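The lines below spell out each chain.
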Amino acid sequence: MSRPLTPVALTVLRMLSDGPMHPYEMQQRIRQHAYDRSVKITHGSLYHSVERLAQGCLIEPVETARSGKRPERTVYAITDQGREVAQQRMAELLAEPAEEFPLLGTALAFIDLLPEDEAARQLRRREMTLEASLAAEEAVYEALRKRGLERYKLIDHELFITRKRAELDLVRELVEDLESGRLTFNDKEAS
């Protein structure tokens with residue numbers, strides 16, 4: 001594969017590093033381990049990635065079976081090359097910060113398109129949504145820990161929680177500054 005592994009392809013290789021399985025089982029385990037909270041995975045994207053990885057010889061079919069009237073299910077295993085490529089991609093992702101462009105950054109860059117009171121009102125709405133999202137993520141994290149998942153399998157949740165807390169802190173500060181008048185959208189005249 002000449003292009004870097006997508007997050008979905010990396011997820012497939014991660015699943016198969018535990019042992020051979022078919023895509024439906026991968027999908028179940030992805031949900032079970034809550035990897036779908038860190039990687040956007042649809043049924044179609046999973047099967048497409050499996051197909052591309054097989055074409056690139058990073059995974060290989062090891063068995064095809066049919067159970068009753070169900071469609072055939074192909075079980076895949078990761079190849080040595082697949083394991084090596086996954087490890088190289090992981091090293092890159094951990095070592096090299098990537099430029100990301102979250103939509104909140106765009107909204108904050110152009111915040112002055114709204115009147116100050118409306119911006120504060122919308123940020124207050126975001127604050128409430130962030131509080132609920134943060135509480136839900138913390139509950140998921142605690143439930144997974146209680147189920148016995150090791151911390152290393154939940155570090156992505158820790159990142160998500162940390163980012164949500166930081167965003168919530170910033171949003172609260174912006175709301176306070178807008179409502180108090182410490183932040184305005186008026187340019188100061190040059191002296």
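Scroll up a little and you will see the structure.
This section reports on the structure supplied with the text.

### Thoughts on the overall build of the chain
Per the secondary structure count, the chain includes seven helices and two strands. For the chain, the sequential pattern of α-helices and β-strands runs α-α-α-β-β-α-α-α-α. Relative to the compact-globule value of 16 Å for 191 residues, the chain shows a C-alpha radius of gyration of 22 Å, a clear excess of over 25%. A principal-axis box enclosing the C-alpha atoms of the chain has dimensions of 75 × 40 × 30 Å. Looking at the chain residue by residue over its 191 residues, the buried ones come to 32%. In the form shown here, the chain has an accessible surface area of approximately 13,000 Å², with 52% of it arising from carbon and sulfur atoms.

### As for helix α3 (residues 43–55)
Relative to the 18 Å expected for 13 residues at 1.5 Å per residue, α3 spans 19 Å between its end C-alpha atoms, a close match to the ideal helical length. Those residues of α3 not exposed but buried are L46, S49, V50 and L53. Viewed end-on, α3 has its buried residues packed into an arc of 105 degrees, placing them on one side of the element. Those residues of α3 that are buried lie in contact with α1 (7–16), α2 (23–32), β1 (59–65) and β2 (73–78). A positive phi of about 65 degrees marks C57, the residue just after α3.

### Quick notes on the nonpolar core
In terms of nonpolar packing, the biggest core is built from 22 residues, with L5, V12, L13, L16, M26, L53 and I59 touching the most fellow members. Looking at this core, the elements with two or more residues in it are α1, α2, α3 and β2. Considering every element that reaches this core, the biggest residue donor is α1, with seven residues. If sequence neighbours within four positions are ignored, L16 has contacts with M21, M26, I59, Y76, A77 and I78. Ranked by size, the runner-up nonpolar core spans 18 residues in total, among them Y141, L144, L168 and V175.

### With respect to the packing of α1 against α3
One way to put it is that α1 packs onto α3 with a least axis distance of 9 Å and a crossing angle of 75 degrees. Taken together, the axes of α1 and α3 are roughly perpendicular relative to one another. Packed against α1, whose contacting residues are V8, A9, V12 and L13, the element α3 presents S45, L46, S49, V50 and L53 at the interface. Class assignment for the residues of the contact of α1 with α3 results in seven nonpolar, two polar and no charged.

### Examining the pattern of salt bridges
Counted by the stated rule, this structure contains 14 salt bridges. Salt-bridge contacts for R89 lead to E92; the nearest nitrogen and oxygen are separated by 3.1 Å. Taken together, the residues span about one helical turn, with R89 and E92 both in helix α4 (residues 80–95) at a distance of three residues. Its relative accessible area of 33% is what places E92 among the partly exposed residues. Across the salt bridge formed by E179 and R124, the nearest N and O atoms sit 2.8 Å from each other. Here E179 is found in helix α7 (residues 155–180), whereas its partner R124 is found in helix α6 (residues 116–146), with 55 residues between them in sequence. The class of R124 is partly exposed, set by a relative accessible area of 33%. One network of salt bridges, with partners in common, ties together R124, E127, E131, R172 and E179.

Reading the values: the criteria
Residues numbered from 1 in each chain as written. Predicted model: local features only at pLDDT ≥ 70, side-chain atom pairs only at ≥ 80, totals over all residues. Heavy atoms only, no water. Helix = DSSP H or I, 4+ residues; strand = E, 2+ residues; numbered from the N terminus. Rg over C-alpha atoms; globule rule 2.2 N^0.38 Å. Buried < 20%, exposed > 50% of the residue type's maximum accessible area, 1.4 Å probe, protein only. Areas by Shrake-Rupley, 256 points an atom, 1.4 Å probe, with all protein chains shown as cover. Expected span 1.5 Å × (residues − 1). Arc of directions from axis to C-beta. Contact = heavy atoms within 4.5 Å. Core = buried A, V, L, I, M, F, W, Y, C linked by side-chain atoms within 4.5 Å. Axes fitted to C-alpha atoms, helices over the stretch in contact; angles between N-to-C directions. Parallel < 35°, antiparallel > 145°, perpendicular 65-115°, else oblique. Nonpolar A, V, L, I, M, F, W, Y, C, P; charged D, E, K, R; others polar. Salt bridge = Lys/Arg side-chain N within 4 Å of Asp/Glu carboxyl O.

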